[in-house]
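Structural characterization, general
Letter by letter, the chains look like this.
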Amino acid sequence: VRWVWALGSALPLTVVGLAAVIAAVVQGWLALGVVLAAVTAAGAIGVLVWVRLAWDRWTWAASSDALELRHGVISRRASLVPYHRIQQIDVHRGPLERAFGIARLVLRTASATTDAEIPGIPLDRADTLRHRLLARAGVDDAV
Amino acid sequence: MTPSDDHARRSPDPPSTTARAPDADLLAIGGGGRRTHVRTLVVSGGIALAGIAFLVLQLFAQMATGQDPDGDRTWGELAPLVVVVVVVIARPVYDTASWFARTYRVLPTELVIDEGILTRHHRVLPYARVQQVDVHQSLMAQVLNLAELRIESAGEGGDTSMRLRLLDRTLADRLRAYILERRGALQSVGSTPTGPPCGATPVGRHDPTSSEATVPTPLLQLDGGQLTVAALTHSSLVVGAPVVVGAGLWVAATLALVGGDLRAGGAVVAVTTVTILAFAALVLGQLYSTVVGQHGYTIGVQGDDLYLRYGLFEVRQLTIPRRRVQQITVVDNPLRRLLGAVSITLHSAAGLGGGQGGATRFEVPLLPRHRVGTFLGELMGDAQLWRAPPLTPRPHAALRRAVVRRTVVLAAAVAPATLAFFPWGLAALAVAALGVPWGRVAHRRAGHAATPVLVVFARGVLHHRLELVPLPRVQSCRTAANPLQRISRLATLHVDVAGDPHAPRLYDLDAATADALLQRLPTPSSGLG
């Protein structure tokens, strides 16, 4: 999942940065090109560090009656979602996630403000986990 | 009203095997698809017909003008008008086709609606999932003795409600009673993992065939005088009027001082007049929406349901099961504090199309503060349960943050003026000092409490808000802590409930307390004590 996050964040930044560097060099503004290259490199390194920190702080635990998630680099967030409140579990797979064979589980309750997402689950485990969580979900609309 | 008034169609389903109520024939329970009342077309086509008549008259007038001696007007110039006429005619045709294509079936466990002219939609709403049922009568519907039935289920999108528009008034009332009765019966049979409803001590099972049960017990009725007080002390006036008047007077004073020729031209008088008119519009608008819009306001209990009726031109009857109330908010403002009054809002989990005024909440516009505890007890069925416990204040570190945050915000707001008018502008920095009392009051007002069945948040400086959430209604919990909060060991606690996009929250709780509440509030066992 670190690769997915890193590529998803750093790749667009690097592509735009390199395009700007090439444009500056072609125009003959060598100094500007050097500055842009430095900024792009610093940005890419910053993104990689950020991704590493985000991954380190992304934890989740399935207890007997609730799912607990903790994440966040600057603002640290923690969520607790009881299984019986789960209304729906979506499996999301973007292009990068498909390329790396992982998936993201998004848990939905009757509240639109619930923040519960489990990223980076290997595809073969995602479906199993989804079924295990749904097996513990409520049997009615739970509102 | 007779059953023949609603147009019977094919009967694809076998008859119901459940006991048939005396209203069974009227409701055609388990019967075939039926259409809404044919007079619905009168309502939907009435305005269009008036529009057609107006446009046709205008068309003839244009044609007559087109034949005048100068001969400038031609059929080509009239083409846009013809297009408008065709569009206006198309609307009632479309409405009629939709009416034919739309049928509903009242089954013992669910309501089924089939609709759509080209694309057919088959929608099923199980009674067990009904959040609230409303009977809505517009002025035109009142004249025709019709009503719209709105049935809301939980959710965030627009597809969470079913609307039967329009039924005979008697049929709408009977159908509402039947759906509520079936919902209660089905829920009592099925098990719910959340256990018994919080505070919902049933007054008695609702029976639509009982004349006693169909009459709600009124708990609060507001007359015109009370609604006028509610309008004049509404937050939009308490906050909006000073802003409008203050801005107007400031502009007028500026013009009077530096306007020069403008002053001679009456600009000051014009601005003052506009200010007065804006203030009057604000007051009249609020009076209309409250005194007329909530005319005859009555809230009561009907069986295990809360019942609300209001409106003069648009009459609405809302019904919500007590167990479906997700959150109760008690709010006041400086003017209402002087009068010792508050307003109360009950939030349901219905979709955004339901509830009062298109929202998912019922508002009690005005209530004496000393009656809040008793009223909530009567309304929700358990006085002790809904009595707000003493609040736990926030830690001292939160006071520091409350003062610093507000002082910094005010300083940033006056900084441009300070720089622009330096050195005299430095006097504007005195405004930033207001952040100290502002932060102190905010800190003093904030607090929380958690009983075995309730979580309570209090906050607000101008508007005092008290948010009460039954624990069995908590969907999930969240905490968030930014770096400055982490330095002070503080965190913000959010409690997610269904139906309300703004989760109840309390800023700057002690981090350990917030984490303890995070673990405790949403657990299945917490709300069942």
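1. Brief notes about the overall build of chain A
- Counting its secondary structure elements, chain A contains four helices and six strands.
- Shown N-terminal to C-terminal, the secondary structure of chain A runs as helices and strands in the order α-α-β-β-β-β-α-β-β-α.
- A globule of 143 residues ought to have a C-alpha radius of gyration of about 15 Å, yet chain A, at 20 Å, is considerably larger.
- Put simply, chain A has 143 residues, and 37% of those count as buried.
- Within chain A, residue pairs in contact and separated by at least 24 positions form 43% of the contacts whose partners lie at least 6 positions apart.
- Positive and negative side-chain charges in chain A, numbering 15 and 11 respectively, have mean positions lying 6 Å apart.

2. Re the packing of helix 7 (residues 235-258) of chain B against helix 9 (residues 267-292) of chain B
Residues and elements named next belong to chain B.
- Their axes nearest at 8 Å, the elements helix 7 and helix 9 cross at an angle of 175°. Accordingly, the angle class assigned to the pair helix 7 and helix 9 is roughly antiparallel. Residue-level inspection shows Ser236, Leu237, Gly240, Ala241, Val244, Val245, Gly248, Leu249, Val251, Ala252, Leu255 and Ala256 of helix 7 in contact with helix 9, the latter providing Ala267, Val268, Val271, Thr272, Thr275, Ala278, Phe279, Leu282, Val283 and Gln286.

3. Re the interface of chain A and chain B
- Counting from both sides, the interface comprises 28 residues of chain A and, opposite them, 40 residues of chain B.
- Where chain A packs against chain B, one counts 13 residue pairs in polar contact (both at pLDDT 80 or more).
- Every element with two or more residues in the side of chain A that touches chain B is listed here: strand 2 (66-71) and strand 3 (76-82) of chain A.
- In terms of residues, the side of chain A that touches chain B owes the most to one element, strand 3 of chain A, which gives seven residues.
- A breakdown of the residues in the side of chain A that touches chain B according to their chemical character gives 11 nonpolar, eight polar and nine charged.

4. Here's the deal with the nonpolar core
All names here are of chain B.
- Residues Tyr297, Ile328, Ile344, Leu346 and Phe375 are the most contacted members of the largest nonpolar core, which totals 33 residues.
- Tallying contributions element by element places helix 11 (residues 372-380) first for this core, with five residues.
- Leave out the neighbours within four places in its chain, and phenylalanine 375 touches Leu219, Leu220, Ile299, Ile344, Val364 and Leu367.
- Val106, Leu111, Tyr127 and Ile151 belong to the second largest nonpolar core, which has 24 residues in total.

5. Things to note about the confidence of the model for chain B
Residue and element names in this part refer to chain B.
- Overall, the predicted model of chain B reaches an average pLDDT of 80, with 79% of residues at or above 70.
- Low confidence marks residues 191-213, where pLDDT is under 50. Its contacts with residues over four positions away, or in another chain, come to 59 contacts.
- Counting contacts from residues 525-529, a segment whose pLDDT is below 50, to residues more than four positions away or on other chains yields 12 contacts.
- Scored by ipTM, the complex comes to 0.86, with pTM at 0.78.

6. Looking at the sheet that holds strand 2 of chain A
- Read from one edge of the open sheet, six strands run 1(A)-2(A)-3(A)-18(B)-19(B)-20(B), paired in antiparallel fashion. Edge positions in the sheet fall to strand 1 (59-62) of chain A together with strand 20 (505-510) of chain B, since each of these pairs with one other strand and no more. Averaged over all pairs of adjacent strands, the angle between their axes in this sheet comes to 15°, without regard to strand direction.
- Relative to strand 20 of chain B, strand 19 (residues 490-497) of chain B runs antiparallel, the two sharing four bridges. Paired with leucine 490 of chain B across the strands is aspartate 510 of chain B, a residue of strand 20 of chain B.
- In the packing of helix 15 (residues 511-520) of chain B onto the sheet, the strands contacted are strand 2 and strand 3 of chain A together with strand 18 (474-481), strand 19 and strand 20 of chain B, and the crossing angle to strand 20 of chain B comes to about 125°.

7. Here's the deal with the sheet that holds strand 2 (residues 110-115) of chain B
Residues and elements named next belong to chain B.
- The strand order across the open sheet built from three strands is 1-2-3, with neighbouring strands paired in antiparallel fashion. With one partner strand each, in any of the chains shown, strand 1 (103-106) and strand 3 (121-126) form the two edges of the open sheet. Within the sheet, the average angular offset between the axes of one strand and its neighbour, ignoring direction, is 15°.

8. Structural notes on the environment of glycine 31 of chain B
- Relative to the helices and strands, glycine 31 of chain B resides in the loop between helix 1 (24-27) and helix 2 (40-66).
- Sequence separation between glycine 31 of chain B and arginine 105 of chain B is 74 residues, and the spatial gap between their C-alpha atoms is 6.7 Å.

9. Overview of the pattern of salt bridges
All names here are of chain B.
- Under the definition given, this model contains 24 salt bridges over all chains.
- In this structure, glutamate 148 engages arginine 165 in a salt bridge whose closest nitrogen and oxygen atoms are separated by 3.7 Å. One end of the pair, glutamate 148, is in strand 5 (residues 146-153); the other, arginine 165, is in strand 6 (residues 161-168), and 17 residues separate them in sequence.
- Of the charged contacts, one joins arginine 169 and aspartate 173 as a salt bridge, the two residues approaching to 3.1 Å between their closest N and O atoms.

10. Things to note about unusual backbone geometry
All names here are of chain B.
- Following arginine 165, the chain continues into leucine 166 via a peptide bond in cis, with omega recorded as 0°.
- Tracing the sequence through the fold places leucine 166 in strand 6.
- The peptide bond linking phenylalanine 422 to proline 423 adopts the cis configuration, its omega dihedral lying at 5°.
- Within the secondary structure layout, proline 423 lies in the loop between helix 12 (396-420) and helix 13 (435-445).

11. Structural notes on the packing of aromatic side chains
Residues and elements named next belong to chain B.
- Evaluation of the coordinates by the stated rule reveals two aromatic pairs over all chains.
- Each ring, one from tryptophan 99 and one from phenylalanine 100, has its centre 5.1 Å from the other, and the planes form 80°; the classification is edge-to-face.
- Accessibility expressed as a relative area gives 5% for tryptophan 99, which makes it buried.
- A ring pair is formed by tyrosine 127 and tyrosine 178, whose centres lie 6.1 Å apart and whose planes are at 85°; its orientation type is edge-to-face. Of the two residues, tyrosine 127 sits in the loop between strand 3 and strand 4 (130-137) while tyrosine 178 sits in helix 5 (residues 169-189), which places them 51 residues apart along the sequence.
- Relative accessible area serves as the criterion here: at 6%, tyrosine 178 is assigned to the buried category.
- Sitting over the ring of tyrosine 507, arginine 405 keeps its end group 6.0 Å from the ring centre.

So, how was this worked out
- Residues numbered from 1 in each chain as written.
- Chains lettered and ligands numbered in written order.
- Predicted model: local features only at pLDDT ≥ 70, side-chain atom pairs only at ≥ 80, totals over all residues.
- Heavy atoms only, no water.
- Helix = DSSP H or I, 4+ residues; strand = E, 2+ residues; numbered from the N terminus.
- Rg over C-alpha atoms; globule rule 2.2 N^0.38 Å.
- Buried < 20%, exposed > 50% of the residue type's maximum accessible area, 1.4 Å probe, protein only.
- Contact = heavy atoms within 4.5 Å.
- Lys, Arg positive; Asp, Glu negative; His and termini not counted.
- Charge placed at Lys NZ, Arg CZ, Asp CG, Glu CD.
- Axes fitted to C-alpha atoms, helices over the stretch in contact; angles between N-to-C directions.
- Parallel < 35°, antiparallel > 145°, perpendicular 65-115°, else oblique.
- Polar contact = N/O pair within 3.5 Å; in protein donor to acceptor, adjacent residues only side chain to side chain.
- Nonpolar A, V, L, I, M, F, W, Y, C, P; charged D, E, K, R; others polar.
- Core = buried A, V, L, I, M, F, W, Y, C linked by side-chain atoms within 4.5 Å.
- pLDDT = per-residue confidence, 0-100.
- Pairing = 2+ DSSP bridges.
- Salt bridge = Lys/Arg side-chain N within 4 Å of Asp/Glu carboxyl O.
- Phe/Tyr/Trp six-rings, centres within 6.5 Å; stacked < 30°, edge-to-face > 60°.
- Lys NZ or Arg CZ within 6 Å of the ring centre and 35° of its normal.

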